[in-house]
Structures are given as structure tokens and as C-alpha cells.
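# Commentary on secondary and tertiary structure
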Amino acid sequence: QQQVKQSPQSLIVQKGGISIINCAYENTAFDYFPWYQQFPGKGPALLIAIRPDVSEKKEGRFTISFNKSAKQFSLHIMDSQPGDSATYFCAASMGSGGSNYKLTFGKGTLLTVNP
Amino acid sequence: EAEVAQSPRYKITEKSQAVAFWCDPISGHATLYWYRQILGQGPELLVQFQDESVVDDSQLPKDRFSAERLKGVDSTLKIQPAELGDSAMYLCASSLFRRGGEQYFGPGTRLTVT
């Protein structure tokens, strides 16, 4: 059972464009939603995260939009740069039901930003 | 900048051999996680420690995998015997508090079983 569904699987954007990656979750008990960036051969790096009490969070060129009623959240990368080319993972966690806040990851989106 | 350390970075082993991975979390982080990441997929939790205690090992194949964090600091994940299907990236992560949230990952150990 995949609790976090991520799309698209891959994305190609021109330099300066906007990259948008979407995630949908099923479990309404999730209360923490981070995005991770992973370069080949490296571990995932925490990029930005949001909790359901806000609808949007912005850090530099990265913005998370959160829609609690639709059970969806998305990552927007403004002014995309070739250095942003990486795999992006959304994730979700909860502290209730004995889950101990473990992260459930989406399957990832391979972003390529062309110069 | 504090980082999670892992070793070795790469490991090639033959089927049925034993293999071990080591992780040193960020200093002061109480919670430590071991994840497995198959190529092209997101990480999946194998085991979670709070200090030296296991709080979740529901996805750990206990017939061949074991993990320990004896003094509540660094940790070792062992596979014995290794199988072809164990080829993957093994990631360690740590977080300051038990209340999840910001998990910081190490560089991982790429395991290839031949």
C-alpha cells in the first residue's frame, strides 16, 4: 500500500522556469510533510518542510503548497537552475498510532533543468 | 556543519557472506534510523532507535538483518547471510528529538551482492 503518491516520475524544465512536483497522501493522521533533494550517489538532503496548520511555506526559490482538504502538497522551484537537477522526494510522517514519526517516502521525481 | 557519518561508502560482497555497516549520527541526536533505498525508489525504514532502544523494527527482515546501538550513539547494521536482493543503498539518518520531523541523512553505503 503506497501511502504517498508522487508525480511526475520525471520532469524536464528550461533554466529560469518553474518546476512543480506533486504529492498526494491517504492517511489524514500525517502531520509533517518534508521534501528531500538527492543527488546521485548521495544521501537525501532536507530541503523544506511543512505542517498542516499552514497552507504555504517559502524558503528562497522553494515553496511548498499544502491543501489539507484535498490531501495534496506540492513543491514549486522558481527560477530553476541546472544545479537543481536531482531527484526530489516528498515524504510524510505522523506521531500517532505507534508510528513513531517514521517517514513514508514517495517514489521520487527526477528533475532535469536544461541550460 | 555537523553531518551523519557512514562507512563504508561502497561494499561488494558475495551471496551468503556477512556484511556490516556503521553509522555515527549527528552529536546529540537521540533518534537514529536505518533506511534501505532500492535504485529508483524512495527510502524505506528498516529500524528506528530512540537512544539505545529499538522503537520500530517492523520492516526489518529479522532472519538475516540485525541492528544495534549499544551506547545510544553510533550504530551497526548487519546482514548475514547476504542475498542478491539485498543490493541497495543503506542510509542512516538521525534527528534531535523523538518527535520526528527533521531527519538528516548520511551519504549512505552502496551494497552490491554478487
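Remember, it's a predicted structure, so these values are computed and weren't measured experimentally.

### Brief notes about the state of the cysteines
Residue and element names in this part refer to chain A. Across all of its chains, the model carries two disulfides over all chains by this definition. Paired through a disulfide, C23 and C90 show a sulfur-sulfur distance of 1.8 Å. Given an S-S torsion of about -90 degrees, the disulfide between C23 and C90 has left-handed geometry. Remark: C90 occurs in strand β9 (residues 86–92) and C23 occurs in strand β3 (residues 19–25); sequence separation between them is 67 residues.

### Comments concerning the pattern of salt bridges
This model, assessed by the stated rule, comprises seven salt bridges over all chains. With its nearest N and O atoms 2.8 Å apart, the salt bridge here joins D84(A) to R61(A). Here D84(A) is found in the loop between β8 (72–77) and β9, whereas its partner R61(A) is found in the loop between β6 (56–59) and β7 (62–67), with 23 residues between them in sequence. Residue class for R61(A) comes out partly exposed when judged on its relative accessible area of 28%. Across the pair D86(B) and R36(B) runs a salt bridge, and its minimum N-O distance is 4.0 Å. Of this pair, D86(B) sits in the loop between β8 (75–79) and β9 (88–95) while R36(B) sits in strand β4 (residues 31–37), placing them 50 residues apart in sequence. Just as D86(B) is buried, R36(B) falls in that class too.

### A look at the side chain of S19(A)
All names here are of chain A. Within the element layout of this structure, S19 appears in strand β3. For S19, a relative accessible area of 1% gives the class buried. A polar atom in the side chain of S19 sits 2.8 Å from the side chain of S80. Leaving out residues up to four positions away in the same chain, S19 has contacts with L11, V13, L75, H76, I77, S80 and L111.

### Points about the sheet that holds β6(A)
Note on sheets: strands pair through backbone hydrogen bonds, and any given pair is parallel or antiparallel. Residue and element names in this part refer to chain A. Sheet architecture is open: five strands sit in the order β1-β3-β8-β7-β6, paired in antiparallel fashion. On the outer flanks of this sheet lie β1 (4–7) and β6, each paired with one strand and no other. Each strand axis lies, on average, 15 degrees off the axis of its neighbour in the sheet, ignoring direction. One ladder, built from six bridges, connects β7 with β8; its direction is antiparallel. By the bridge assignment for β8, S65 is matched with S74.

Thresholds applied
Residues numbered from 1 in each chain as written. Chains lettered and ligands numbered in written order. Predicted model: local features only at pLDDT ≥ 70, side-chain atom pairs only at ≥ 80, totals over all residues. Heavy atoms only, no water. Disulfide = S-S within 2.5 Å. Helix = DSSP H or I, 4+ residues; strand = E, 2+ residues; numbered from the N terminus. Salt bridge = Lys/Arg side-chain N within 4 Å of Asp/Glu carboxyl O. Buried < 20%, exposed > 50% of the residue type's maximum accessible area, 1.4 Å probe, protein only. Polar contact = N/O pair within 3.5 Å; in protein donor to acceptor, adjacent residues only side chain to side chain. Contact = heavy atoms within 4.5 Å. Pairing = 2+ DSSP bridges. Axes fitted to C-alpha atoms, helices over the stretch in contact; angles between N-to-C directions.

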